[in-house]
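Given next are the chains, with one letter for each unit.
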Amino acid sequence: MALDRWLALAILGLCLVYGYTAWFTMDANLPRFMQRNPVWPSTFPKALSVMGAICAMYILVFQKPMDAPGEDDVDYRKLLSYNWVQALALIALMLLYAVCLRPLGFIGATMGFLIIGAWILGERRVHISALVAAIAAGSIWYLVSEVLGIFLRPLPFFLM
Amino acid sequence: MLDGILLGLTTALSIQNLFLVTMGCIIGTLIGMLPGLGPMSIIAIMIPIAIGIGDPSGAMILLAGVYYGAIFGGSTSSILINAPGVASTVATSFDGYPMARRGQAGKALTIAAISSFIGGSVGAILLMIFAPALSSVALLFHSAEYFALMVLGLAAIAAFAGQGNVAKAVLMTILGLIMATVGEGALFNAARFTMGFPSLQSGFGFITLAMAMFALPEAMFLVMHPARSGKGGKAGEIGKLRITRQDARDMAPVVGRQSIQGFFIGVLPGAGATIASFLGYAVERNLASPKEREQFGKGSVKGLAAPEAANNAACSGSFVPLLTLGIPGSGTTAILLGALISLNVTPGPRLMTDSPEIFWAVIISMYIGNVVLLILNLPLIPYIAKLLAVPRPYLIPFILFFTLMGSYIGQNNPTELLILVLLGLGATALRMANYPLAPLLIGFILGRMMEDNFSRAMQLYRGPSFIWERPMTAALLVLAAILLVLPSWRARRERKRSLDSSMGD
């Protein structure tokens, strides 16, 4: 089974769970007075779940095989021939950034993200990437926090 | 009307107001380039400054400049790094980004600047002529028609984004609509489908979803497949800025049509620039010859010019209900309404008679704003486009960082970043399997408005009878169905024809 059918199957599962919630469990707590309404919070989701399930089934059954992707596109069948290690490392780095942003502060976390990101992609001259990261993190923090007034904690939690 | 124009000119051409419109355009462009800060948030940020000016005309002129600048800045990031920060520039990235990847970033930005200029200027002229008359047309549209209009818009998008694979596009649209139902709706104050996560209480963030659908998969693809970023480092080149005579000839009818169509869509409250840009793209794709249609999505001049002209014209259009009825048609104009009220000006039918200088100054300053934007941006384009010449080990972490920032600034919540990465992984898989992602995002954007209008119509008619009782609604829905069926019917007819001709030989 090709990837697009697997994904259609996954979406079908999602629609079924979504539909189950909409059709059976959601309206249990609906107040009396709202039950007299012609439209309930679950009305639109009910319709969507049915349409989504039909559409996913259609793809699952009738979808023609995909064309081979162009030279420029990423072909999932040859996934391992690409730089998937770098891609995974960057995804991990993004998750790490999300976790560290609050405790480390904006400037520290951002500098770390940019330096390690550049290192993953092959920049080995850390002094240059550190300089670039410091300028970028500092100026963006200044723009967002001081000029625009959106609060971003710049320093680690134990300093500020 | 001539009196009004002269009055507007004298107000708008004062040194102070010229300065304000120029500043507004510069600030708007610079901040609009950061994905995540759309015109709405920039205008909200600028309000205290605008109110500080004290003079309502000056304040409106500043804010209108910011508005235009932000929209142009938004197209820049869509074209260069495929990260549309604003819903109305999503369609710009369809053709703008492939063009930039082919090494024609400069040309793409020039086309965008010129189309926006013409779209905005035509919009301002139409606003002058039609503002009073159009306010009554906008009132004719009820929730039922809005619902139908949105169904039509989604169908048009699914039909064009599918490219022979309408089922996948429809499935993505439905998935987007499903995602839009997560969180609290406007009509029912109960959280739905949050699966117990408090961060989903207010639903998925638009920026988060936009970044996850476009920028993240693109960055991942660039990492995995470096050859993709252009052969021989072509993507680093800015290319010529000049557009050829042929390009200009291709653009002219598209820009003309879309400026007018975009304006009229912008007039409808709630429709706004987003729908205008998508419908503009879809319409132009259908009008193009089969050979040109192939180019759409791969860097077509027409495909880039259409949404740009349409969204700027629609921005002018969205001022019609604001200035004539006092009804804001979009989030941005709602913020402008708030600014006006705090300046002690009440927009509405009496604005034109009570304080004509404000009404006309705003219209004239829109025109001036467009000129300023063009003069400012054309010389800046080579520098803006240099962004692409940044070496890979720096460019990609920066794109990822701006994606993360964009969704963080809006919500100030690190959980949003985790959602972003997870959605981005899903989007990467969907993209590998040839699922078009634009319909998902558009479904998500329109989903909430669509449900609200649907529910309102249901309540007014106490059931779904509005579908057949209101002729305009029925007509729009039928049109939507035709749009969905048309591509497969056309494909079948072509297959049959090629079969026939081969039999005839």
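Source: prediction; values computed, not measured. (Residues numbered from 1 in each chain as written. Chains lettered and ligands numbered in written order. Predicted model: local features only at pLDDT ≥ 70, side-chain atom pairs only at ≥ 80, totals over all residues.)

## Here's the deal with the overall build of chain B
Right, so step 1: When helices and strands are tallied, chain B shows 22 helices and 2 strands.
Right, so step 2: A buried classification covers 60% of the 505 residues belonging to chain B.
Right, so step 3: Considering only residue pairs separated by 6 or more positions, chain B has 78% of its internal contacts joining residues 24 or more positions apart. (Helix = DSSP H or I, 4+ residues; strand = E, 2+ residues; numbered from the N terminus. Buried ≥ 20, exposed ≤ 12 C-beta atoms within 10 Å, placed from the backbone. Contact = placed C-beta atoms within 7 Å.)

## A word on the overall build of chain A
Right, so step 1: Within chain A, the secondary structure is distributed over 6 helices and 0 strands.
Right, so step 2: Walking chain A from its N terminus toward its C terminus, one meets helices and strands in the order α-α-α-α-α-α.
Right, so step 3: On C-alpha atoms alone, chain A measures out to a radius of gyration of 24 Å, which is more than a quarter above the 15 Å that the 2.2 N^0.38 rule sets for 160 residues.
Right, so step 4: Its C-alpha atoms put chain A at 65 × 50 × 25 Å along the principal axes.
Right, so step 5: Counting only residues that meet the buried cut, chain A has 28% of its 160 residues in that class.
Right, so step 6: Look at the contacts in chain A between residues 6 or more apart in sequence, and 60% of them connect residues 24 or more apart. (Rg over C-alpha atoms; globule rule 2.2 N^0.38 Å.)

## Observations concerning the environment of Leu93(A)
All names here are of chain A.
Right, so step 1: Following the sequence through the fold, Leu93 ends up in helix H4 (residues 84-104).
Right, so step 2: Here the alpha-carbon distance between Leu93 and Ile116, two residues 23 residues apart in the chain, equals 8.0 Å.
Right, so step 3: Not counting residues up to four positions away in its chain, the partners in contact with Leu93 are Phe113, Ile116, Gly117 and Ile120.

## Describing unusual backbone geometry
All names here are of chain B.
Right, so step 1: Its identity as a non-glycine residue notwithstanding, Asn434 has a phi of 65°, on the positive side.
Right, so step 2: Among the secondary structure elements, Asn434 is positioned in the loop between helix H19 (414-432) and helix H20 (438-461).
Right, so step 3: The phi torsion at Arg462 lies on the positive side, around 50°, for a residue other than glycine.
Right, so step 4: On the secondary structure map, Arg462 appears in the loop between H20 and helix H21 (466-469).

## What about the domain arrangement of chain A?
Right, so step 1: With domains assigned, chain A is organised as domain 1 (3-68) and domain 2 (82-147).
Right, so step 2: Computed from C-alpha atoms alone, the centre-to-centre distance between domain 1 of chain A and domain 2 of chain A is 39 Å. (Domains from an automatic or database assignment.)

## Quick notes on helix H13 (residues 301-317) of chain B
Right, so step 1: Helix length check: H13(B), at 17 residues, gives a terminal C-alpha distance of 24 Å against a target of 24 Å (1.5 Å per residue), a fit within 8%.
Right, so step 2: Counting buried positions over the 17 residues of H13(B) gives 17, a clear majority of the element. (Expected span 1.5 Å × (residues − 1).)

## Overview of the interface of chain B and chain A
Right, so step 1: At the interface, 48 residues of chain B touch 50 residues of chain A.
Right, so step 2: Sorting the residues of the side of chain B that touches chain A by element identifies helix H8 (166-180), helix H9 (206-224), helix H18 (392-411), H19 and H20 of chain B as the ones contributing at least two each.
Right, so step 3: For the side of chain B that touches chain A, the residue count by class is 35 nonpolar, 7 polar and 6 charged. (Nonpolar A, V, L, I, M, F, W, Y, C, P; charged D, E, K, R; others polar.)

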